[in-house]
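Each chain, written out:
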Amino acid sequence: MRPDQIQPEMYEEQLQEKQANLAELMATLSLPEIEVYASEPSHYRMRAEFRIWHDGDDLYYAMFDSADPRTPIRTDQFLAASRLINELMPKLIDAVRDVPVLRYKLFQVDFLTTTTGEALISLLYHKPIDEEWNTAAHLLDAAFPACHFIGRSRKKKQILTRDFVMETLTVHGEKFHYQQVENSFTQPNAGISEKMLEWALDVTKNASGDLLEMYCGNGNFSIPLARRFERVVATEISKVSVNSAQLNIAINGMQNVQVVKMASEDVSAALNGDVELPKTLIQAGVNELSPSVVLVDPPRAGLDDATVELVRKIDSILYISCNPETLKSNLEALSSTHDVIRYAMFDQFPYTHHVETAVYLTRK
């Protein structure tokens, strides 16, 4: 996304275009009226990545157009990024410009910020990170309160203080706290994330019993939804995300959530009876779980066939999708057993073609 594509005055028009495109794609399905959740038109992204362009004595943030990937677009400010990122951008450039060991071979800067004012800044280099860099970086870190710095070079990761931030999301007036680790998946649009969590709580307000969740990440949905259910068993393949989820469960005082590190395909094979139930699932109490709802938030590829077969056995399905095309395919497969009773679009990524979609299905 080029900086000049972010035009807040055109936000409503681009939102309507997205809705129209989604309606055209889903036209062959029997869906209820769509619920549309708009983003803030600017300063909505809590994370951003920029290349660093060196031009003689000058250096600046740069972005690139996919149609012309060799020509840098100078990006002194980025309207999509959080206000904190925009505040930090010029300060960081000024701080490293005259420090050779910090400036030399610096090729990228990644920002991760929170609604509560924390920032994690990763400096990426085409050179080894040594003790001289470490000394200069600690001085840099001291000059930026509430910021945490990381250096990366050729698979080496140098953590100065810590490699995570703590985010707080407010959902129906209640605050939930999340560790967000550098380079791990987190929802980039905090405002939309809060709306998605509120929607998930709303559609499951009459649910009871247990919840099975797949692709749980750092527990973003698991933790608020734990209030709705007697027990939650959630699965995730990323070790970093599993560790964060377990920490977040403890921080938020949830006693009824278990997280298992396992790929969705393996979970489906086990719960479909194709393989013996693994010890980790038994220890999490899956063999005693009676899920009334299954929550899936898959990657862009959507649900594999085995997972489709698994979720169709459960009365209610809460499906969060980052790819409407694979969602459509999965809904066609599920249409013989379930009906969609709620349907929502969340504008997670304004000014791009990407859209987050959610459906709630119940057994026919």
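Along each chain, residue indices are assigned from 1 in the same order as the chain's sequence is written. Restriction of local features to residues with pLDDT of at least 70 applies here, the model being predicted, together with a cutoff of 80 or more for giving and counting side-chain atom pairs; totals for whole chains, interfaces and linings are based on all residues. Water and hydrogen atoms were dropped before computing side-chain values, which therefore reflect all heavy atoms in the structure.

The name an unreviewed UniProt entry gives the chain is tRNA/tmRNA (uracil-C(5))-methyltransferase, with Marinomonas ushuaiensis DSM 15871 as the organism.

**Quick word on the side chain of R312**
This is how it is decided: Under the scheme used here, helices are H or I runs from DSSP no shorter than 4 residues and strands are E runs no shorter than 2 residues, and both carry numbers assigned from the N terminus. Under the scheme applied here, a residue whose accessible area is under 20% of the maximum for its type counts as buried, over 50% as exposed, and between as partly exposed, the area being computed with a 1.4 Å probe on protein chains only. Each polar contact in these results corresponds to two N or O atoms within 3.5 Å; when the atoms are within protein, one needs to be able to donate a hydrogen and the other to accept it, and residues that are neighboring in sequence are counted only if both atoms are side-chain atoms. A contact between two residues is defined here by any heavy atoms of the two lying within 4.5 Å.
In this structure, R312 sits in the loop between helix 10 (305-311) and strand 15 (316-321). On the basis of relative accessibility, which here comes to 15%, the residue R312 falls in the buried class. Here the side chain of R312 touches A333 through a polar contact of 2.8 Å, landing on its backbone oxygen. Apart from residues no more than four positions distant in its own chain, R312 is found in contact with A333, L334, S336, T337, H338 and R363.

**Topic: the domain arrangement of the chain**
To be explicit about the condition: All domain edges in this entry derive from an automatic or database-based domain assignment. Once two parts are put together, the accessible area they lose, assessed with a 1.4 Å probe and summed over both, is termed the buried area. In the sections that follow, a salt bridge refers to a side-chain nitrogen of Lys or Arg positioned within 4 Å of a carboxyl oxygen of Asp or Glu.
Examined at the domain level, the chain breaks down into domain 1 (3-42 + 166-363) and domain 2 (47-164). Taking only C-alpha atoms, the centre of domain 1 and the centre of domain 2 are 32 Å apart. Contact residues are listed per partner, giving 16 residues for domain 1 and 21 residues for domain 2. Its largest share of buried area at the contact with domain 2, domain 1 owes to P3, M166 and E182, together 39% of the area lost on that side. Here R152 and E182 are joined by a salt bridge, their closest N and O atoms 2.7 Å apart.

**Description of the sheet that holds strand 17 (residues 356-363)**
Keep this limit in mind: Note on pairing: DSSP must find at least two bridges between two strands before they are called paired. A fitted line through C-alpha atoms serves as each axis, taken over the contacting stretch for helices, and the angle formed by two N-to-C directions is quoted from 0 to 180°.
Taking strand neighbours across the sheet as the criterion, the eight strands line up as 1-16-17-15-14-11-12-13 in an open arrangement whose pairing is mixed. Two strands bound the open sheet, and with one partner strand each, they are strand 1 (35-37) and strand 13 (257-261). Strand-to-strand twist of the sheet, defined as the mean angle between neighbouring strand axes without regard to direction, takes the value 15°. Pairing between strand 14 (residues 291-296) and strand 15: four bridges, direction parallel. Bridged to V293 within strand 15 is S316. The sheet contacts of helix 5 (residues 190-203) involve strand 1, strand 15, strand 16 (338-346) and strand 17, and relative to strand 16 the element is tilted by about 160°.

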